[in-house]
Amino acid sequence: DIQLTQSPSFLSASVGDRVTITCRASQGISSYLAWYQQKPGRAPKLLIYAASTLQSGVPSRFSGSGSGTEFTLTISSLQPEDFASYYCQQLNSYPLTFGGGTKVEIK
Amino acid sequence: QVQLVQSGAEVKKPGASVKVSCKTSGYTFTTDDINWVRQATGQGLEWVGWVNPDSGHTGYAHKFQGRVTMTRNTSISTAYMELSSLKSEDTAVYFCARANYGGNSGLYFDSWGQGTLVTVSS
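Keep in mind that what you see is a predicted model, and the values were worked out from it rather than measured.

The rules behind these values
All residue numbers refer to position in the chain's written sequence, counted from 1. To read the labels, note that chains go from A and ligands from 1, taken in the order they are written. Reporting in this predicted model follows two pLDDT cut-offs: at least 70 for local features of residues, and 80 or more for side-chain atom pairs to be given and counted; totals over whole chains, interfaces and linings ignore these cut-offs and use all residues. Excluding hydrogens and water, the side-chain figures rest on all heavy atoms present in the structure. To qualify as a helix, a DSSP run of H or I must reach at least 4 residues; to qualify as a strand, a run of E must reach at least 2; elements of each kind are numbered from the N terminus. Residue exposure (1.4 Å probe, protein chains only): buried if accessible area is under 20% of the type maximum, exposed if over 50%, otherwise partly exposed. Contacts between residues were defined by any pair of non-hydrogen atoms, one from each residue, lying within 4.5 Å. To measure how exposed things are, a 1.4 Å probe is used in the Shrake-Rupley method; for residues, cover is taken only from the protein chains shown. In the sections that follow, a salt bridge refers to a side-chain nitrogen of Lys or Arg positioned within 4 Å of a carboxyl oxygen of Asp or Glu. Here the aromatic set is Phe, Tyr and Trp, taking the six-membered ring for Trp, and pairing holds for ring centres within 6.5 Å; pairs whose planes are under 30 degrees apart are stacked, those over 60 apart are edge-to-face, and all others are tilted. Whether a charge sits over a ring comes down to the Lys NZ or Arg CZ being within 6 Å of the ring centre and within 35 degrees of the ring normal. Paired strands, as defined in this entry, are two strands with at least two bridges between them according to DSSP. In this analysis an axis means a line fitted to C-alpha atoms, helices contributing only their contacting stretch, and an angle means the value between N-to-C directions, from 0 to 180 degrees. In this description, a nonpolar core means a group of buried Ala, Val, Leu, Ile, Met, Phe, Trp, Tyr and Cys residues linked to one another through side-chain atoms lying within 4.5 Å.

A. A look at the overall build of chain A. On a plain count of helices and strands, chain A comes out with zero helices and 11 strands. The helix and strand sequence of chain A, counted from the amino end, reads β-β-β-β-β-β-β-β-β-β-β. Expressed along its principal axes, the backbone C-alpha trace of chain A runs to roughly 35 × 25 × 25 Å. By the burial criterion, 50% of the 107 residues in chain A qualify as buried. A separation of at least 24 residues holds for 56% of the contacts in chain A among residues at least 6 apart in sequence. When the accessible surface of chain A is split by element, carbon and sulfur atoms take 45% of a total near 4,700 Å².

B. Region of the structure containing the pattern of salt bridges. All names here are of chain B. The tally for this structure, following the rule as stated, stands at 10 salt bridges over all chains. When the shortest N-O distance is used, the salt bridge between Asp90 and Arg38 registers 2.9 Å. One end of the pair, Asp90, is in the loop between strand 8 (78-83) and strand 9 (92-101); the other, Arg38, is in strand 4 (residues 33-39), with 52 residues separating them in the sequence. Take Arg38: its relative accessible area is 6%, and that puts it in the buried class. Residues Arg98 and Asp110 are paired through a salt bridge, measuring 2.7 Å at the closest nitrogen-oxygen approach. Highlighted residues: Arg98 in strand 9 and Asp110 in strand 10 (residues 107-112), separated in sequence by 12 residues. We classify Asp110 as buried; its relative accessible area is 17%. When salt bridges with common partners are traced through the structure, they connect Arg38, Glu46, Lys63, Arg67 and Asp90 into a single cluster.

C. Quick look at the packing of aromatic side chains. The tally for this structure, following the rule as stated, stands at eight aromatic pairs over all chains. Geometrically, the ring pair formed by A:Tyr36 and A:Phe98 is tilted, given 6.3 Å between the ring centres and 55 degrees between the ring planes. Taken together, the residues span a long stretch of sequence, with A:Tyr36 in strand 4 (residues 33-38) and A:Phe98 in strand 10 (residues 97-98) at a distance of 62 residues. Exposure remark for A:Phe98: the relative accessible area of 10% places this residue in the buried category. A centroid spacing of 5.6 Å and a plane angle of 40 degrees characterise the contact between A:Tyr94 and B:Trp47, whose relative ring orientation is tilted. Taken together, the residues span two chains, with A:Tyr94 in the loop between strand 9 (85-90) and strand 10 and B:Trp47 in strand 5 (residues 46-51). By relative accessible area, A:Tyr94 is classed as partly exposed at 41%. Among the aromatic residues, those joined into a cluster by ring pairs are A:Tyr36, A:Phe98, B:Phe95, B:Phe109 and B:Trp112. We note B:Lys19 situated over the ring of B:Tyr80; from NZ or CZ to the ring centre the distance is 4.9 Å. When the ring centre of B:Tyr27 is taken as origin, the NZ or CZ atom of B:Arg98, which lies over that ring, is 4.6 Å away.

D. Highlighting the sheet that holds strand 3 (residues 18-25) of chain B. Residues and elements named next belong to chain B. The four strands are arranged 1-3-8-7 in an open sheet whose pairing can be described as antiparallel. Single-partner strands in this sheet number two, and they are strand 1 (3-6) and strand 7 (68-73). Neighbouring strand axes in the sheet, compared pairwise and without regard to direction, differ in orientation by 20 degrees on average.

E. Structural view of the nonpolar core. Among the nonpolar cores identified, the biggest contains 44 residues, and B:Ile34, B:Trp36 and B:Phe109 are the most heavily contacted of them. Tallying contributions element by element places strand 9 of chain B first for this core, with six residues.

F. Highlighting the side chain of A:Gln55. Relative to the elements of secondary structure, A:Gln55 occurs in the loop between strand 6 (53-54) and strand 7 (62-67). Among residues more than four places away in sequence, those in contact with A:Gln55 are A:Leu46, A:Leu47, A:Tyr49, B:Tyr108 and B:Asp110.

None of the figures reported here should be taken as evidence of function without further support.
Okay, here's the thing in structure tokens:
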């Protein structure tokens with residue numbers, strides 16, 4: 001199974017900060033990686049797919065990059081509504097797997 | 001618009017089974033796989049498996065094989081996940097999600113159900 005390691009697991013930041021979350025895969029997954037945002041009590045929401053493609057309706061302050069085994073999600077200027085948990089997911093091969101998550105909290 | 005609406009919360013005793021439904025609308029049900037993902041309280045996301053609504057073919061995560069069955073009813077555009085031999089560790093919110101296939105972009109889960117809380121307690 002492909003393991004995904006996210007870092008950091010917890011991040012404290014201020015409104016307006018640039019935030020970067022990393023996701024490392026235990027083996028190469030090409031660009032078959034997605035990023036989701038989840039708020040408490042809600043279903044995950046797709047932000048990015050194919051490592052760098054922004055899902056329709058998602059603000060342009062979110063961006064994704066990487067391929068192979070190392071990927072990043074960047075929020076260029078953190079907004080109040082961005083305080084949430086973020087998960088990466090590999091869709092290269094079954095079983096599909098998720099990273100452990102990154103919780104972004106207000107400093 | 002695409003919608004996935006799940007059945008309500010369930011409380012089950014250890015050893016029992018639970019069946020959760022996911023009713024879809026707003027797209028052609030048979031074109032995209034339905035996946036199931038669970039999340040224990042305060043924990044991360046865990047992929048459970050998938051069902052192809054057209055063929056009925058399924059695939060499950062290793063840890064659930066033998067205990068999970070995913071089915072569908074195309075006449076009502078609804079997918080189901082049944083989990084048997086429930087243990088307290090199965091207490092979680094279970095989500096269904098549509099797996100959109102974007103050609104060269106591969107798969108991604110673009111629409112999710114609201115989640116169903118399954119509580120296993122004696």
